[in-house]
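# Results of the structural survey
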Amino acid sequence: MNKKDFKTCMQQGRGGCVLALKSEKNIEKYKDIVLWGCLHNLSYDTQCEGVRAEYVYHLTTFFCDEAYFVVPIIKAFTSLANEKDDLFQHLSALLSLFAESGNEDALLALQQKYDALFSVLLNKRSFEAYDFERDDFERICVSLLHQCKENINLKVIGDLGRLFRENPHYDCDYFDWFCFCLKKRLGKDGLEVFLNDHSQKSENIKCFYESYLQLKKATGNKRPTTNLAKAPSVEEIKNEIASTGRIAPISRVRFSRHADEKMRKELAEEIVAEVELDKKAELLSLFYGNNFPLSHEIIFEYANSTHERLRDTALIALTNCESKIARNYALSLLQSETHKALALKTLLQNYAPQDKELLLSAFYALEVEYEGECDWHGIGYKILDVYANGKELPKEFLLYIYNTTLCSCCRFTAVRELDKRQWLTTDIIEECRYDSNKNITEYINRIYPQK
C-alpha cells in the first residue's frame, strides 16, 4: 500500500493495515499515519460501533516504540476539552491498553485525569442538560476496570460511594454503564458477593452497594407502558399531530413494524384527503420505510410541490416505491444531477440489470467522508436493505460497501451477505481476521477457522 491507501484503510477499520504491517519490510513509512489514527476517533458511529482503540493499539505494536505514540496521546488527552466526549472515550481506552501492557506513564495519565474529574464532581452543585464531566469520569472508571487489579476496582467503587454520600445528585443510576461493565467483569453473583464482603469494611463501598441494589430493583421493575406489538390507528396518529404537531418516534416504529396493508391504505387515503400541507407531509413521513399503497402518481405530484417540506418528504418516500413512475423519476433526477442520493436509492429499490454500470459509476463517484453531504452511508444502507428484503443485486454492490464504507456495522452486514452467496475471496477473508469490528473477526474465524 502507499501511504494514502493505508490511511484510507485505517479510517475504514479494515484488516488490510495489519496485513501490510505484517508483510512489508519498510513499515516506517506508515508510522506517522498510525500516530494520526491514535489521535483521532476513527469510528463512524461511536454509539453503534464503540471506539476503535484496540484496532489502533494493535497497529502501534508493530513499531516497538511505545513512547512515540504514548507521549503525544497523553498530551492530547490531558488538554482535551470536556465536550469532545467521543475522542475522550477513544483516548482513554487507548491509554488503558498501553497501561495494561505495563506503560506506567499511560496509567499515571489516566489516574491524574481521574483525580481531577473526581474533584470536580464532588464539588459540583450546578447542573446543565448534559454533564460532560460525569460522562468523562465514568469512561475513566471503565478504562481503569481493564487493569484487572482488585485494588483499582476497590478504589473506584469506594470513590463512587463517597461521591454519592457527599454529592446526593449522583447515584448508581448516573453510572449504570460502569455498573454494567463491573457486573460483566465480576459476574452477576460475583459482584454482589464482592460488594457485600467489602461493604463490611468501608462506608463508601457500602453506600455504593446500597445504590447498586436500588438501581437493580428499579431496572428490574420497569415495564413497557405501551403495547409495542400493535400499530397505532390512523385516528391515534391524527390525534398526536393535532396535539403536538408531530408523530412520536415510538408511534413511527410501531406503525412501520406492525401496520397491515389495510391500515397503510387507510393512512394513504387520509394523506390524499388532508388539505393542510404540513400535516400531509407529517403523515406521509410514515411511509419512509414502506411502499406507498396507492398510485405513485400521487407521490410524484408531491415530489414536485412548491411546499418544501411536502416535496422533501415525498422524495424520501419515493425511495421505497416500486413502479415505473418511481424508476423513471429517479433516472430523470440523476440526469439533472438533483437529489442524487435519493435518486440512487429509488433506482436501487427499482433495480434492473441495465442499471448496474450506471449505479456503480455513481457509487464510486461519491466522496466517502466522515462529514460527507452526499449520503454515501444512506446509499450503502439502502443496498443492504434491498438485500434484506429478498431482492438480488450484483455482488459488486456489496464489494463497493466493503471497499469504501467508514461504517464497520455496514461492512459486517455486507460480509455476511457476501458469505451467504459464496462471494467472499480469500483476500477478504484474511483481511477480515484483523478488522476493527469484533463481530467481523469472530464471524470469519468461526466460519473459516485458520489452519
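Structure's up top.
Scope of this entry: the structure provided in the associated data block. Just so it is clear, the model here is predicted, and its values are computed rather than measured. (Residues numbered from 1 in each chain as written. Predicted model: local features only at pLDDT ≥ 70, side-chain atom pairs only at ≥ 80, totals over all residues. Heavy atoms only, no water.)

### Comments concerning empty space enclosed by the protein
- Taken as a whole, this structure holds one cavity of 30 Å³ or more when the rule is applied.
- The computed volume of the largest cavity comes to approximately 50 Å³.
- Forming the boundary of the largest cavity are Val 368, Trp 376, His 377, Gly 380, Tyr 381, Tyr 400, Ile 401, Thr 404, Thr 405 and Cys 410.
- With four residues, the single largest contributor to the lining of the largest cavity is helix 23 (residues 376-388).
- Classifying every residue of the lining of the largest cavity gives six nonpolar, four polar and no charged. (1 Å grid on protein atoms, 1.4 Å probe; cavity = no way out; pocket = protein on both sides within 12 Å on 5 of 7 lines; lining within 4 Å. Points joined across faces, edges and corners; volume = space filled by probe spheres on them. Helix = DSSP H or I, 4+ residues; strand = E, 2+ residues; numbered from the N terminus. Nonpolar A, V, L, I, M, F, W, Y, C, P; charged D, E, K, R; others polar.)

### Digging into the packing of aromatic side chains
- Applying the stated criterion across every chain yields a total of 25 aromatic pairs.
- Ring centres of Phe 300 and Tyr 329 lie 5.0 Å apart, and the angle between their planes is 85°; on these two criteria the pair is classed as edge-to-face. A residue pair is termed long-range when its members are at least 10 positions apart, and Phe 300 in helix 18 (residues 296-303) and Tyr 329 in helix 20 (residues 324-336) qualify at 29 residues.
- Among the aromatic residues, those joined into a cluster by ring pairs are Tyr 114, Phe 118, Phe 127, Phe 137, Phe 164, Tyr 170, Tyr 174, Phe 175, Phe 178 and Phe 208.
- A cation sits over an aromatic face here: Lys 7 above Trp 36, 4.0 Å from the ring centre. (Phe/Tyr/Trp six-rings, centres within 6.5 Å; stacked < 30°, edge-to-face > 60°. Lys NZ or Arg CZ within 6 Å of the ring centre and 35° of its normal.)

### Some points on the pattern of salt bridges
- Going through the model one piece at a time under the given rule, you end up with 31 salt bridges.
- For Asp 135, the salt bridge goes to Arg 134, with nearest N and O atoms at 2.2 Å.
- For Asp 135, a relative accessible area of 11% gives the class buried.
- Within the structure, one salt-bridge network assembled from shared partners comprises Arg 252, Asp 278, Glu 282 and Arg 309. (Salt bridge = Lys/Arg side-chain N within 4 Å of Asp/Glu carboxyl O. Buried < 20%, exposed > 50% of the residue type's maximum accessible area, 1.4 Å probe, protein only.)

### Remarks on helix 18
- What helix 18 keeps buried is the set His 296, Ile 298, Ile 299, Tyr 302 and Ala 303. Looking straight down helix 18, one finds that the buried residues subtend no more than 145° of arc, so they occupy a single side.
- Buried positions along helix 18 lie against helix 16 (261-273), helix 17 (277-284), helix 19 (308-318) and helix 20.
- For helix 18, the side-chain oxygen to backbone nitrogen distance between the N-cap and Glu 297 is 3.1 Å, and the N-cap itself is Ser 295. (Arc of directions from axis to C-beta. Contact = heavy atoms within 4.5 Å. Polar contact = N/O pair within 3.5 Å; in protein donor to acceptor, adjacent residues only side chain to side chain.)

### Some details on a negative patch on the surface
- Together, Glu 235, Glu 236, Glu 266 and Glu 269 give the surface a local cluster of negative charge.
- Of all the secondary structure elements, the ones that give two or more residues to the negative patch are helix 14 (234-244) and helix 16.
- Inspection of the secondary structure puts Glu 269 in helix 16.
- Classification of Glu 269 by relative accessible area gives partly exposed; the value is 44%. (Patch = residues over 30% accessible without salt bridge, like charges linked within 9 Å, V, L, I, M, F, W, Y side chains within 5 Å. Areas by Shrake-Rupley, 256 points an atom, 1.4 Å probe, with all protein chains shown as cover. Lys, Arg positive; Asp, Glu negative; His and termini not counted. Charge placed at Lys NZ, Arg CZ, Asp CG, Glu CD.)

### Some remarks on the packing of helix 10 (residues 150-166) against helix 13 (residues 203-220)
- Contact geometry of helix 10 with helix 13 gives a least axis separation of 7 Å together with a crossing angle of 75°. As far as their axial angle goes, helix 13 and helix 10 are roughly perpendicular. Only Glu 203, Asn 204, Ile 205, Cys 207, Phe 208 and Ser 211 of helix 13 make contact with helix 10, whose side of the interface consists of Leu 154, Ile 157, Gly 158, Leu 160, Gly 161, Arg 162, Phe 164 and Arg 165.
- Of the residues that constitute the contact of helix 10 with helix 13, the class distribution is seven nonpolar, four polar and three charged. (Axes fitted to C-alpha atoms, helices over the stretch in contact; angles between N-to-C directions. Parallel < 35°, antiparallel > 145°, perpendicular 65-115°, else oblique.)

### Focus on the nonpolar core
- In this structure, Phe 178 and Phe 208 are the most contacted members of the largest nonpolar core, which totals 70 residues.
- For this core, the element with the most residues is helix 8 (residues 104-123), which contributes nine residues.
- Discounting residues that sit within four places of it in the chain, Phe 178 has contacts with Glu 138, Cys 141, Val 142, Leu 145, Val 156, Ile 157, Leu 160 and Phe 208. (Core = buried A, V, L, I, M, F, W, Y, C linked by side-chain atoms within 4.5 Å.)

### Concerning the environment of Asp 427
- By secondary structure assignment, the location of Asp 427 is in helix 26 (residues 426-432).
- Its relative accessible area of 64% is what places Asp 427 among the exposed residues.
- Between the alpha carbons of Asp 427 and Leu 283 there is a distance of 47 Å; along the sequence they are 144 residues apart.

### So, unusual backbone geometry
- Positive phi, normally seen in glycine, also occurs at Cys 64, with a value near 50°.
- With respect to the element layout, Cys 64 can be found in the loop between helix 5 (53-60) and helix 6 (66-78).
- Under the relative-accessibility criterion, Cys 64 is labelled exposed at 77%.
- A positive phi angle, close to 60°, is found at Gln 422, a residue other than glycine.
- You can see Gln 422 is positioned in the loop between helix 25 (408-420) and helix 26.

### Digging into the environment of Asn 350
- When you line up the elements, Asn 350 lands in the loop between helix 21 (340-349) and helix 22 (356-364).
- With sequence-adjacent residues up to four places away left out, Asn 350 is seen in contact with Cys 321, Glu 322, Ser 323, Ala 326, Arg 327 and Asp 355.

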